[in-house]
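Observations on the model geometry
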Amino acid sequence: MNKRSLLQAALAFACAGAFSIAQAQTPTPIKFQLDWRFEGPSAFFLLPTAKGYFKDAGLNVTVDAGNGSGGAVQRVASGAYDMGFADLAAVMEFHANNPDAQNKPIAVMMVYNNTPASVMALKKSGIAKPADLAGKKMGAPVFDAGRRAFPIFAKANGVGNVQWIAMDPPLRETMLVRGDVDAITGFTFTSLLNLEARGAKASDVVVLPYPDYGVKLYGNVIIASPKLVKENPEAIKAFLKAFSKGAKEVIANPGAAIAYVKERDGIVNTQLETRRLQLAIDTVINSPDARAEGFGQTQPQRLALMASQVSDTFATKSRVNAAEVWNGSFLPPAAELNILPRK
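On a predicted model such as this, the values are computed, not experimentally measured, just so you know.

1. Quick look at the pairing of strand β4 (residues 106-110)
- In terms of burial, β4 is largely enclosed, as five of its five residues are buried.
- When β4 meets strand β10 (residues 220-224), the two strands line up antiparallel, connected through four bridges. Paired with Met109 across the strands is Ile222, a residue of β10.

In structure tokens, the structure reads:
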């Protein structure tokens, strides 16, 4: 055998060995906690899981339904989950109320560039603008993101005092339709469709989205445990890269993406969840602010303002330090984040 043949044989052997080693490597397990149950927006995580994008990135990702952003933050902080999806305000609050904790989750990718929170009322109530809420009965669960951030909305719009009525989430829209409350706060793509399911017509509902009325809070982010940040930063990078690939497909074809939600929860209404997903895309994912800042990213001044607003409104034990909450160093290159279609 001549030298060239020997070299080729050696290269072939080396490549085969490397392939065998790669094949033998065990995928990194990632337990992922959603903020809510399996609904339209969860397609952003269920599609790349089902289509093997995480697996191709060397990850074994399991996605579990949740029951609120606060719970998602707590579970990632406890170490029960490696990563999760939660409202950035909830992440900031956890940091500021647990300043000495060593296990504070870190936000690593922005998904809802704008808060989905809004005030909703029925037109027959006479509420047409924020100022009309003064003296009215407002309803929402005590942990609702819109209710907790309402003082920021009220300050931005000169809203007088309101009376709050607390209830469990399933009763919120029912109580508005029955007239037990004058208005509610909630995520637009959740409460608006829930109101329709309870007999209200979309044309009869007044929606006052927080972003349209001077409240530039960020919404939901992907979070990672400090343990994962320290011990396996490459896994976070791989996750966000695979997620971005899947997100591009979800945005391009929401109807097809709902099939992966249906796989996880067979009783979901395909038509309803497709509408919910499209509404989420239009209002908080492919929003003007998101297109200006870039998918997945944040703007430093806006982030700092939110940190200050959360500190004041939530009366946290310490001031929120935005630099400790947000870490954008795991994001894919700009070209891979360029997934938002221009409008």
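Still more ground to cover, so stick around.
2. Describing the environment of Thr62
- Structurally, the position occupied by Thr62 is in strand β2 (residues 59-64).
- By relative accessible area, which is 35% here, Thr62 ends up partly exposed.
- For the pair formed by Thr62 and Ala242, sequence separation is 180 residues and the distance between their alpha carbons is 14 Å.
- Those residues in contact with Thr62 that lie beyond four places of it in its chain are Ile30, Lys31 and Phe32.

3. Section: the packing of helix α2 (residues 43-50) against helix α12 (residues 254-264)
- Interaxial distance between α2 and α12 falls to 8 Å at its minimum, and their mutual angle equals 85°. As far as their axial angle goes, α12 and α2 are roughly perpendicular. Between α2 and α12, the contacting residues are Ala43, Leu46, Leu47 and Ala50 on the first element and Ala257, Tyr260, Val261, Glu263 and Arg264 on the second.
- In the contact of α2 with α12, the residues fall into seven nonpolar, no polar and two charged.

4. Observations concerning unusual backbone geometry
- Of note, the phi angle at Ala315 is positive, near 50°, even though the residue is not glycine.
- Mapped onto the elements, Ala315 comes out in the loop between α15 (300-313) and α16 (322-325).
- Judged by its relative accessible area of 64%, Ala315 is exposed.

5. Topic: the side chain of Asp144
- As for its placement among the helices and strands, Asp144 is situated in the loop between β6 (137-139) and α6 (145-148).
- Reaching out from Asp144, the side chain makes a polar contact with the side chain of Arg172 at a distance of 2.9 Å.
- Apart from the residues lying within four places of it in its own chain, the contact partners of Asp144 are Arg172, Thr185 and Gly186.

6. What to know about the sheet that holds β6
- A sheet is described by the order of its strands in space; here five strands give the open sequence β7-β6-β8-β5-β9, paired in mixed fashion. Each of the sheet's edge strands pairs with one partner strand only, and the pair in question is β7 (163-165) and β9 (205-209). Across the sheet, the axes of successive neighbouring strands diverge by a mean angle of 30°, strand direction being ignored.
- Pairing geometry for strand β5 (residues 117-122) and β9, over five bridges, is antiparallel.

7. Structural notes on the pattern of salt bridges
- On inspection of all chains with the given rule, the structure shows 16 salt bridges.
- Two residues, Asp180 and Arg178, come together in a salt bridge whose shortest N-O distance is 2.6 Å.
- Residues Arg276 and Glu273 are paired through a salt bridge, measuring 2.8 Å at the closest nitrogen-oxygen approach. Taken as a pair, Arg276 and Glu273 lie in helix α13 (residues 270-285) at a separation of three residues, close to a single helical turn. Across the pair, exposure class does not vary: Arg276 and Glu273 are buried alike.
- Look at the salt bridges and you will find they share partners, linking Arg37, Glu39, Glu273 and Arg276 into a network.

8. Regarding the nonpolar core
- Grouped together as the largest cluster of nonpolar side chains are 97 residues, with contacts concentrated most on Leu88, Ile222, Phe239 and Phe243.
- For Phe243, the residues in contact, after removing those within four places along its chain, are Phe44, Phe45, Phe54, Met109, Val111, Ile222 and Phe295.
- Formed by 11 residues, the second largest nonpolar core is a distinct cluster that contains Met167, Val181, Ala200 and Val205.

Basis of the calculations
- Every residue gets a number counted from 1 within its own chain, in the order that chain's sequence is written.
- Only residues with pLDDT of 70 or above have their local features reported here, since the model is predicted, and side-chain atom pairs are shown and tallied only from 80 upward, although totals for entire chains, interfaces and linings are computed over all residues.
- Derived side-chain values reflect all non-hydrogen atoms in the structure, with water molecules and hydrogen atoms excluded from consideration.
- Categorising residues by exposure relies on relative accessible area from a 1.4 Å probe, with only protein chains included: less than 20% of the type maximum marks a residue as buried, more than 50% marks it as exposed, and the intermediate range marks it as partly exposed.
- Every helix listed is a DSSP run of H or I at least four residues long, and every strand listed is a run of E at least two residues long, numbered separately from the N terminus.
- Criterion used throughout: strands pair if DSSP finds at least two bridges between them.
- A contact between two residues is defined here by any heavy atoms of the two lying within 4.5 Å.
- Whenever a helix is involved, its axis is fitted only over the stretch in contact; in every case the axis is a line through C-alpha atoms, and angles between N-to-C directions fall within 0 to 180 degrees.
- In what follows, roughly perpendicular refers to angles from 65 to 115 degrees, roughly parallel to angles under 35, roughly antiparallel to angles over 145, and oblique to any angle outside these ranges.
- Polar here means any residue outside two lists: the nonpolar Ala, Val, Leu, Ile, Met, Phe, Trp, Tyr, Cys and Pro, and the charged Asp, Glu, Lys and Arg; Gly therefore counts as polar.
- Residues adjacent in sequence count toward polar contacts only when both atoms are side-chain atoms; beyond that, a polar contact is any pair of N or O atoms within 3.5 Å, and within protein one must be able to donate a hydrogen and the other to accept it.
- Within this document, salt bridges are pairs made up of a side-chain nitrogen of Lys or Arg and a carboxyl oxygen of Asp or Glu, the two lying within 4 Å of each other.
- As used in this record, nonpolar core signifies buried Ala, Val, Leu, Ile, Met, Phe, Trp, Tyr and Cys residues forming a set joined through side-chain atoms within 4.5 Å.

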